[in-house]
Amino acid sequence: MIKAGIIGSTGYAGAELVRLLMQHKHAEIKWYGSRSYIDKKYYEVFQNMFEIVEDKCLDDNMEELSSAVDVIFTATPQGLCASLVNEEVLSKVKIIDLSADFRIKDVNIYEKWYGIEHKSPQFIDEAVYGLCEINREKIKGARLIANPGCYPTCSILSIYPMAKEGIIDTDTIIIDAKSGTSGAGRGAKVNNLYCEVNENIKAYGVTTHRHTPEIEEQLSYASGREVILNFTPHLVPMNRGILVTAYASLKKSVSYEEIKSIYDRYYKEEKFVRVLDKGVCPETRWVEGSNYVDVNFQIDERTNRIIMMGAMDNLVKGAAGQAVQNMNLMFGLEETEGLLQVPMFP
């Protein structure tokens with residue numbers, strides 16, 4: 001049985017980790033970390049866990065935690081994991097970090113986009129970017145995982161086959177993305193109040209969103225050349241879900257069958273990436289509560305462009321589900337263990 005500890009267990013991603021790990025046959029949670037609710041019973045924070053979780057919330061003492069568990073999930077704001085991790089901790093426990101601290105390999109880019117000093121840059125090169133469908137073999141031997149961001153996961157998986165195969169001109173990529181409000185976290189913010197969000201949709205972080213360099217870096221690895229793109233996220237009045245619509249110019253004339261065969265070749269063995277039937281656009285409602293990502297594409301012959309689409313649950317495949325998927329790989333378990341929840345509808 002894998003003993004797991006969660007730092008940040010009372011945020012949205014942390015709570016989703018608890019929900020998923022409670023249904024995992026080979027894992028048990030030993031540490032419910034939450035600086036805001038120390039000594040408060042977990043179910044008093046999330047009543048859905050009444051008579052399911054009796055444990056009290058503990059602090060974020062990574063030194064003590066590393067001696068008590070096999071894996072630590074850090075579902076915390078940027079900068080915290082980097083400030084706590086050290087060689088002694090990593091010699092005793094595996095870490096899956098849900099923040100951006102180890103996703104970007106260039107520390108200068110990280111510090112520029114996130115506006116904070118990186119406290120442990122010596123571990124950046126070692127950290128494995130935990131997008132399982134792309135880095136599966138590296139993940140298996142890792143002790144530090146950089147769990148991908150929600151927007152990057154959906155964006156990269158939607159575009160990756162086209163970038164990897166050189167089908168698109170990567171200089172022309174434009175990503176339009178939309179997310180439910182849980183993506184902004186559980187902290188109290190005026191812009192996320194019901195009256196501010198309901199009956200409204202808005203762009204934010206235009207040209208400045210911090211997931212931009214993460215997407216660019218991974219698509220650069222895929223295409224073998226530097227990728228610079230436009231990424232614009234939008235906030236929509238729903239709890240969960242991400243929808244990505246990405247555009248790029250084609251390098252040559254291609255048929256639907258040619259592109260479909262590429263997507264099928266990349267994802268036919270991937271349990272959690274579903275390539276939809278012709279003409280079916282991904283929708284967030286068909287992936288909610290699950291670890292699935294639905295992808296599809298449409299060729300626009302008139303403009304010689306391709307539209308690449310993806311939908312997923314930002315809290316599952318975009319955060320906690322992907323973290324559990326990484327844990328399964330790191331400990332030699334069936335990759336799908338604890339993650340086969342059927343999407344919820346309605």
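Cut-offs and rules
Residues numbered from 1 in each chain as written. Predicted model: local features only at pLDDT ≥ 70, side-chain atom pairs only at ≥ 80, totals over all residues. Heavy atoms only, no water. Buried < 20%, exposed > 50% of the residue type's maximum accessible area, 1.4 Å probe, protein only. Helix = DSSP H or I, 4+ residues; strand = E, 2+ residues; numbered from the N terminus. Pairing = 2+ DSSP bridges. Expected span 1.5 Å × (residues − 1). Bend = angle between axes of the 7 residues up to and from the residue. Phe/Tyr/Trp six-rings, centres within 6.5 Å; stacked < 30°, edge-to-face > 60°. Lys NZ or Arg CZ within 6 Å of the ring centre and 35° of its normal. Contact = heavy atoms within 4.5 Å. Axes fitted to C-alpha atoms, helices over the stretch in contact; angles between N-to-C directions. Disulfide = S-S within 2.5 Å.

### Considering the pairing of strand S13 (residues 293-300)
Moving on, step 1. The element S13 is largely enclosed, with a buried count of 6 among its 8 residues.
Moving on, step 2. As judged from the 8 bridges shared by S13 and strand S14 (residues 305-312), these two strands associate in the antiparallel manner. Bridged to Phe297 within S14 is Met308.
Moving on, step 3. Adjacent in sequence and paired antiparallel, S13 and S14 are bridged by 4 residues, among which Asn304 carries a positive phi angle near 55°.

### Some points on helix H8 (residues 150-164)
In an α-helix, one turn spans 3.6 residues; hence positions three or four apart end up facing the same way.
Moving on, step 1. Across its 15 residues, H8 extends 21 Å between first and last C-alpha, which sits within 8% of the 21 Å expected from 1.5 Å per residue.
Moving on, step 2. The sharpest bend along H8 measures roughly 40° and falls at Ser158, with the proline Pro161 sitting one to four residues further on.
Moving on, step 3. Burial within H8 is extensive, with 14 of its 15 residues counted as buried.
Moving on, step 4. Two residues or fewer after H8 comes Gly166, characterised by a positive phi angle close to 70°.

### Focus: the packing of aromatic side chains
Moving on, step 1. Under the counting rule described, the total for this entry stands at 11 aromatic pairs.
Moving on, step 2. Here the aromatic rings of Tyr43 and Phe50 are separated by 5.2 Å at their centres, their planes lie at 75°, and the arrangement is edge-to-face.
Moving on, step 3. For Phe50, a relative accessible area of 40% corresponds to the partly exposed category.
Moving on, step 4. Between Phe272 and Tyr292, the aromatic rings sit 5.8 Å apart at their centres with planes inclined by 65°, giving edge-to-face as the arrangement. Taken together, the positions of Phe272 in the loop between helix H11 (256-267) and strand S12 (273-275) and Tyr292 in the loop between S12 and S13 put the pair 20 residues apart, joining distant regions of the chain.
Moving on, step 5. Residue Tyr292 is classed as buried on the basis of its relative accessible area of 10%.
Moving on, step 6. Grouped by ring-pair contacts, the aromatic residues Tyr256, Tyr263, Tyr267 and Phe297 constitute a single cluster.
Moving on, step 7. If you follow Lys94 out to its NZ or CZ, it ends over the ring of Phe331, 5.8 Å from the centre.
Moving on, step 8. Residue placement shows Arg274 over the ring face of Tyr292; its charged tip is 4.5 Å from the ring centre.

### What about the sheet that holds strand S2 (residues 27-33)?
Moving on, step 1. Taken in spatial order, the 7 strands make up an open sheet running S3-S2-S1-S4-S5-S7-S6, and their pairing is parallel. Every other strand in the sheet has two partners, leaving strand S3 (57-58) and strand S6 (128-129) as the edge strands with one partner each.
Moving on, step 2. Pairing analysis gives 3 bridges linking strand S5 (residues 94-97) to strand S7 (residues 144-146), with the strands arranged parallel. Within S7, the position partnered with Ile96 by the bridge is Ile145.
Moving on, step 3. Packing of helix H12 (residues 316-330) onto the sheet brings it into contact with strand S1 (2-7), S2, strand S4 (71-74), S5 and S7, and relative to S5 it is tilted by some 155°.

### Regarding the environment of Gly289
Moving on, step 1. In this structure, Gly289 sits in the loop between S12 and S13.
Moving on, step 2. Taking C-alpha positions, Gly289 is 28 Å from Arg143, a pair spaced 146 residues apart along the chain.
Moving on, step 3. Leave out the neighbours within four places in its chain, and Gly289 touches Arg19, Arg240, Asp313, Val316, Gln341 and Met344.

### Looking at the state of the cysteines
Moving on, step 1. As enumerated under the stated definition, the model contains 0 disulfides in all.
Moving on, step 2. We note that Cys81 lacks a disulfide partner, and the nearest cysteine sulfur, in Cys132, lies 17 Å from it.
Moving on, step 3. Looking at Cys81, the relative accessible area reads 0%, which means it is buried.
Moving on, step 4. The cysteine Cys281 is free of any disulfide, with Cys154 supplying the nearest cysteine sulfur at 13 Å.
Moving on, step 5. Residue classification places Cys281 among the partly exposed residues on the basis of a relative accessible area of 44%.

### Some details on the sheet that holds S14
Moving on, step 1. One open sheet accounts for 7 strands, arranged S9-S10-S8-S11-S14-S13-S12; its pairing is mixed. With one partner strand each, in any of the chains shown, strand S9 (202-203) and S12 form the two edges of the open sheet.
Moving on, step 2. Taken together, the 8 bridges between strand S11 (residues 242-250) and S14 define a ladder with antiparallel strand orientation. Note on S14: the bridge partner recorded for Thr245 is Met309.
Moving on, step 3. Across the sheet, H11 is in contact with S12, S13 and S14; its angle to S13 comes to roughly 160°.

### Describing the pairing of strand S10 (residues 230-235)
Moving on, step 1. Looking at chain direction, strand S8 (residues 168-179) and S10 are connected through 6 bridges and run parallel. For Ala177, the partnering residue across the bridge sits in S10 and is Pro233.
Moving on, step 2. With 2 bridges joining them, S9 and S10 adopt antiparallel strand pairing. Bridge pairing in S10 places Ala203 opposite His234.

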